[in-house]
Amino acid sequence: MTYPVIEKPSLAEVRMKPNLQDYDATYRSFQWKSVERELAWLPGGGLNLAHECVDRHALGGLRDKVAMLWEGKEGEEETYTFEQMRRESNRFANLLKGLGVQKGDRVFLFMERVPELYFAFFGILKLGAVVGPLFSAFGPDPVRDRLLNSGARVLVTQPDLRQRVASILKDLPELKHIIVVNKNNRSREPLARGDLSYEVLMANASAEFGPLTTTKDDYSIMHYTSGTTGRPKGAVHRHYAVVQHYLTGKWVLDLHREDIYWCTADPGWVTGTSYGMSAPWSNGVTQVIYEGGFRASAWYQVIQKYGVTMWYTAPTAIRMLMKAGEELPGQYDLSSLRYICSVGEPLNPEAIFWGQKVFHMPIHDNWWQTETGAILIANYPILSIRPGSMGKPVPGIRAGIVEQDGKELPPGQEGDLAIRPEWPAMFRTYWQDEERYRSRFQNGWYVTGDRARQDKDGYFWFVGRTDDVINTAGHLVGPFEVESALIEHPAVAEAGVIGKPDPIAMEVVKAFVSLKEGYEPTPQLRNEIMRFARQKLAAGVAPREIEFVRSLPKTRSGKIMRRLLKARELGLPEGDTSTLEED
Ligand code: ATP
Ligand code: MG
């Protein structure tokens, strides 16, 4: 299916001159060395992500600039300048040092999006320890698995979350300290025995810390993947990743010093650290951090209240906003917005067109993974958008479509999406699973596990995850194409598509569909959607079966779990469900 191209805006139409002016010329002449020179580095040649994001601004010209505009879930408001961030993170580094934490030790954060999470994050990095952020909605088992696997020495958490995981703490012999942040005295409960009070320790810690001693190759952050296709893996990154966070913040998110930026991802997932901390702050940009959860009206309110100019979000959030209707955004002043990007899942063309209608600008899709650490393929302000395409490789990144033997396929053919190693934000290992790490590199490529094709003009098109591609009567069908067609029907809110085994066709396409409010799941509607899909899609690709569901199973990072739809359909074991969002 093809959709009309959205022509690039003329320079007269854009509110800010894009940072990246000429994609092709830049791609051809690009060198990482020149980006490296835009960062400060440490005396003696080391590199520290916290120093690039916080200290270099605090000690330079942005000392009193607001780094963080925070709104708590109880409506509290706090702001922090780069200098305050520097001092608070120094305190935390000193606090850890006082506890005997060493370079390379793992310190995990199990917290809501409160400012202290961000201070602790940078404090850990300043000390040279490895930070592991966990999503605050996790139950005890996923927390235990990750702390056990990583051999975490310290856990920083909050009273309610501490209580939620109390039962697992005895299973963690390597966990030496629990630091509890009682944000704004929200909890009246006394500390559990042996726990340490963040507030007490911070009050006694010096706001000066140094010297920083990390090198560019020292481990910095570890993130467990989303678990969409199986058991989550602990991808480990290094400080050098900041070079790419900085660059993609500048060229893909088009961050300017005047921007008010809002990244809706939680730091428990890689987007929430690479682009909820590192990219904006290494670019010296002010960002909004909103602790509350998703509610369409609350989100529009955040944009209006803070005058958000640049917004980075995800397809699942956009689909939820679409579900809440077109009238709601009209009740808010969203005129501050100038640029919107999305990541995490393929962005359905329908969502891009909706962005044009409601926000008066298209949404720019980009592609990357926990393992890649930063954006690798993207749409840019200065390129036309081909709806449904994830765009073109970031300068410095060589992407290809390859066959199993590593041979590159010509334009138009579908194959494995692969990247030439290495790039600054590339992961360095899967924690305690070096073999699996090595298995991702084949014939001189990093093989991503996604299927895609490239068109003759160099745009990349996502087909589906390798595991999700459907083989029906000799055709390979990507679920994304079918799902995108289905959600164009006015009644359909979301769709998840799987291959169902079939004695004749090998697999047939089956769709699970959730409806927008006001629509009833009747057999007539099912037939109508089936007809609609048949008109949109090539014969054999349209779903043979449609089942209405109230909602689709998703990971807590918002990805449709097709493997679970399939397992449930076939009555097979569900496998790892540690990241499944219950509703
Ligand atoms: P796991 O590896 O544990 O199964 P996961 O792959 O979902 O989980 P992440 O690293 O969070 O974990 O997600 C990366 C994946 O998300 C990509 O490999 C791709 O399948 C999908 N993805 C991300 N952005 C896009 C995009 N713009 N278009 C299409 N797919 C995307
Ligand atoms: Mg993955």
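Numbers given to residues run from 1 along each chain, matching the order in which its sequence is written. Lettering for chains starts from A, numbering for ligands starts from 1, and both go in the order in which the items are written. Totals for whole chains, interfaces and linings use all residues, but because this is a predicted model, local features are given only for residues with pLDDT of at least 70 and pairs of side-chain atoms are given and counted only at 80 or more. To get the side-chain values, all heavy atoms of the structure are used, and hydrogens and water are removed first.

## Observations regarding the environment of I487
Move 1: Considering the arrangement of structural elements, one finds I487 in the loop between α16 (479-486) and β25 (492-502).
Move 2: Here's how the labels work: a residue is buried when its accessible area is under 20% of the maximum for its type, exposed when over 50%, partly exposed in between, all with a 1.4 Å probe on protein chains only. Take I487: its relative accessible area is 5%, and that puts it in the buried class.
Move 3: Between the alpha carbons of I487 and P521 there is a distance of 15 Å; along the sequence they are 34 residues apart.
Move 4: The residues touching I487, leaving out its near neighbours within four places in the chain, are R319, N348, E350, V492, A493, E494 and A495. Starting at the N terminus, helices and strands are each numbered in turn, a helix being any DSSP run of H or I of at least four residues and a strand any DSSP run of E of at least two. The contact definition used throughout considers only heavy atoms, calling two residues in contact when any of these lie within 4.5 Å.

## Some points on the site of ligand 1
Move 1: Put simply, a residue is near a molecule or strand once any heavy atom of it comes within 4 Å of that molecule or strand. Taken together, 22 residues sit near ligand 1, with T225, T228, T229, N366 and T370 positioned nearest.
Move 2: Definition of a polar contact: a pair of N or O atoms within 3.5 Å, with one able to donate and the other able to accept a hydrogen when the atoms are protein atoms, and with sequence-neighbouring residues admitted only if both atoms are side-chain atoms. In the model, an oxygen atom of ligand 1 is placed 3.0 Å from a nitrogen or oxygen of the K233 side chain.
Move 3: Between P346 and ligand 1, the recorded distance is 3.4 Å, taken from a backbone N or O atom to a nitrogen atom.
Move 4: Of all the elements in the fold, those that place two or more residues in the shell around ligand 1 are β14 (364-367) and β22 (460-465).
Move 5: Among the elements that line the shell around ligand 1, the one with the most residues is β14, at three residues.
Move 6: Taken together, the residues that form the shell around ligand 1 break down as five nonpolar, ten polar and seven charged. Residues were grouped as follows: Ala, Val, Leu, Ile, Met, Phe, Trp, Tyr, Cys and Pro as nonpolar; Asp, Glu, Lys and Arg as charged; and all remaining residues, including Gly, as polar.

## A few points about helix α4 (residues 82-98)
Move 1: A helix's residues, less one, multiplied by 1.5 Å, set its expected span. The first and last C-alpha atoms of α4 sit 24 Å apart over 17 residues, in line with the 24 Å expected at 1.5 Å per residue.
Move 2: Summarising burial for α4: twelve of the 17 residues are buried, a large majority.
Move 3: Among all positions in α4, only F82, E83, M85, R86, S89, N90, R91, F92, A93, N94, L95 and L96 are buried.
Move 4: Within two residues after α4, G100 carries a phi angle of roughly 85 degrees, on the positive side.

## Remarks on the packing of aromatic side chains
Move 1: Ring pairs are drawn from Phe, Tyr and Trp, using the six-membered ring of Trp, whenever the two centres fall within 6.5 Å, and their geometry is named by plane angle: stacked under 30 degrees, edge-to-face over 60, tilted for the rest. What the rule picks out here adds up to 32 aromatic pairs.
Move 2: Centre to centre, the rings of W311 and F359 are 5.6 Å apart; their planes meet at 85 degrees, and the pair counts as edge-to-face. Of this pair, W311 sits in strand β12 (residues 310-313) while F359 sits in helix α14 (residues 349-359), and the two are 48 residues apart along the sequence. The same class applies to W311 and to F359, which are both buried.
Move 3: Centre to centre, the rings of F441 and Y446 are 5.5 Å apart; their planes meet at 50 degrees, and the pair counts as tilted.
Move 4: Among the residues examined, F441 registers a relative accessible area of 23% and is labelled partly exposed.
Move 5: Definition used: whenever NZ (Lys) or CZ (Arg) falls within 6 Å of the ring centre and also within 35 degrees of the ring normal, the charge is taken to sit over that ring. The side chain of K183 reaches across the aromatic face of W70, ending 4.8 Å from its centre.

## Quick notes on the domain arrangement of the chain
Move 1: Residue ranges for the domains originate in an automatic or database domain assignment. Its domain assignment divides the chain into domain 1 (23-449) and domain 2 (470-570).
Move 2: Computed over C-alpha atoms, the centres of domain 1 and domain 2 are 32 Å apart.
Move 3: Contacts between the two partners involve 21 residues from domain 1, matched on the other side by 19 residues from domain 2.
Move 4: Note on terms: buried area is the combined drop in 1.4 Å-probe accessible area of two parts once they are placed together, counting the loss on both. Here domain 1 packs against domain 2, burying approximately 1,800 Å² in sum over the two surfaces, 55% of which is carbon and sulfur.
Move 5: Of all residues in domain 1, the largest losses of buried area upon contact with domain 2 belong to T228, R319 and K323, amounting jointly to 28% of the total for that side.

## Considerations on the side chain of T26
Move 1: Take T26: it is sitting in helix α1 (residues 23-29).
Move 2: On the accessibility criterion, T26 (17% relative accessible area) is buried.
Move 3: Filtering out sequence-adjacent residues up to four positions away, T26 remains in contact with L20, W251 and P395.

## Things to note about the pattern of salt bridges
Move 1: Put simply, a salt bridge is a Lys or Arg side-chain nitrogen that is within 4 Å of an Asp or Glu carboxyl oxygen. Using the criterion set out here, one finds 54 salt bridges in the structure.
Move 2: The salt bridge partner of K554 is E494, with a shortest N-O separation of 2.7 Å. On the criterion of sequence distance, the pair formed by K554 in the loop between β27 (545-548) and α18 (562-570) and E494 in strand β25 is long-range, its members being 60 residues apart.
Move 3: K554 sits in the buried class, given a relative accessible area of 10%.
Move 4: For E494, a relative accessible area of 9% puts it in the buried group.
Move 5: Across the pair E547 and K510 runs a salt bridge whose closest N-O atoms are separated by 2.6 Å. Separated by 37 residues along the polypeptide, E547 in strand β27 and K510 in strand β26 (residues 506-515) bring together distant segments of the chain.
Move 6: Overall, E547 belongs to the partly exposed group, its relative accessible area being 32%.
Move 7: Taken together, the shared-partner salt bridges in this structure form one network comprising R63, D64, E83, R86, R87 and E208.

## Notes on the pairing of strand β10 (residues 260-263)
Move 1: The two faces of β10 match: I260 and W262 on one face and Y261 and C263 on the other face are all buried.
Move 2: Note on handedness: a crossover is taken as right-handed if, strands pointing away from the viewer, the path from the first strand over the helix to the second is clockwise. Once the chain exits β10 it traverses helix α10 (residues 270-282) before rejoining the sheet at strand β11 (residues 286-290), and the crossover so formed is right-handed.
Move 3: Two strands pair when backbone bridges link them, and β10 and β12 are joined in this way by three bridges, in the parallel orientation. Each bridged residue has a counterpart across the sheet, and for C263 the counterpart in β12 is Y312. A pair of strands is labelled paired if DSSP reports no fewer than 2 bridges between them.

## Considerations on the nonpolar core
Move 1: Here, nonpolar core refers to any group of buried Ala, Val, Leu, Ile, Met, Phe, Trp, Tyr and Cys residues whose side-chain atoms link them within 4.5 Å. Within the largest apolar cluster, 107 residues are counted, with the highest numbers of intra-cluster contacts made by F92, L96, F122, W281 and Y312.
Move 2: Per-element tally for this core: the top contributor is helix α5 (residues 115-127), with nine residues.
Move 3: L69, V302, I340 and W354 belong to the second largest nonpolar core, which has 33 residues in total.

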